[in-house]
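Residue-level listing of the chains:
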Amino acid sequence: AEISLLRAEVLQLRAEAAAPARSGAAGGFLTAHRTLEERARACEEAESYVMVACFTLDHPAVIAYLEQVRARGVVVRVLYSGRGEAMTIVQAPRLRRLRACGCEVRAHVGAPLHAKVMLTEQVVVLGSGNRTAAGEAHSERGVSLRGLPEQQLREQRQWFEQLFEAAGPFEFWA
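This structure is a prediction, so every number in the text was calculated from the model and none was measured.

Caption draft 1: Layout of the pairing of strand S7 (residues 141-146). Across the two faces of S7 the burial differs, with Gly142, Ser144 and Arg146 buried and Arg141, Val143 and Leu145 not buried at all. Strand direction decides the pairing type here: strand S1 (residues 26-31) and S7, joined by six bridges, are antiparallel. Looking at the pairing, Leu30 lines up with Gly142 of S7.

Here it is in structure tokens:
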């Protein structure tokens, strides 16, 4: 009888543990500040890659997050809009810092890259704000998507990889 009770308890615990996985993706709407916090969390949790697609990137905290994740041996790829109007005064030196620590940095060519996306193997963080200090001060919104099906994560990674492979070298634009 005791064995039967233990088996029943094990089955119940397994069902409870599997319940969140079956519930699908969890999404949350974020303020500009919470979007920044979610980017930090995504970097902390990343195990194999962090991919960033953005119009501009010069926010000191985001640069620091990416440097820290790269120091752990995680692949970091940054794709920014290579058009001149996207370049902020401090962006080039900060992108050079990322390159210096081993991050792969490329400039999107063609139409402006206006996406604001951070991808890891666990989360997609999207937002309306540029990854700049000014962007955080604006009235922006973001979304964090966790628990996406593997297929959707794979599609997002393929989207990024396609843009990254077609991008120009960083040196040309900086």
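Now that the structure has been shown, we can carry on.
Caption draft 2: Region of the structure containing helix H4 (residues 91-100). When H4 is considered as a whole, its buried residues turn out to be Gln91, Ala92, Leu95 and Leu98. Axial view of H4: buried residues confined to an arc of 115°, hence all on one face. Looking one or two places after H4, you find Gly102, whose phi comes out positive at around 105°.

Caption draft 3: Highlighting the packing of aromatic side chains. If you walk through the whole model with that rule in mind, you get one aromatic pair. Ring centres of Phe160 and Phe164 lie 5.5 Å apart, and the angle between their planes is 20°; on these two criteria the pair is classed as stacked. Of the two residues, Phe160 and Phe164 are both situated in helix H6 (residues 150-166); the distance of four residues between them amounts to about one turn of the helix. Pair check on accessibility: Phe160 and Phe164 agree, each one buried.

The rules we used
- Residues numbered from 1 in each chain as written.
- Predicted model: local features only at pLDDT ≥ 70, side-chain atom pairs only at ≥ 80, totals over all residues.
- Heavy atoms only, no water.
- Buried < 20%, exposed > 50% of the residue type's maximum accessible area, 1.4 Å probe, protein only.
- Helix = DSSP H or I, 4+ residues; strand = E, 2+ residues; numbered from the N terminus.
- Pairing = 2+ DSSP bridges.
- Arc of directions from axis to C-beta.
- Phe/Tyr/Trp six-rings, centres within 6.5 Å; stacked < 30°, edge-to-face > 60°.

Nothing here speaks to function; it is all geometry.
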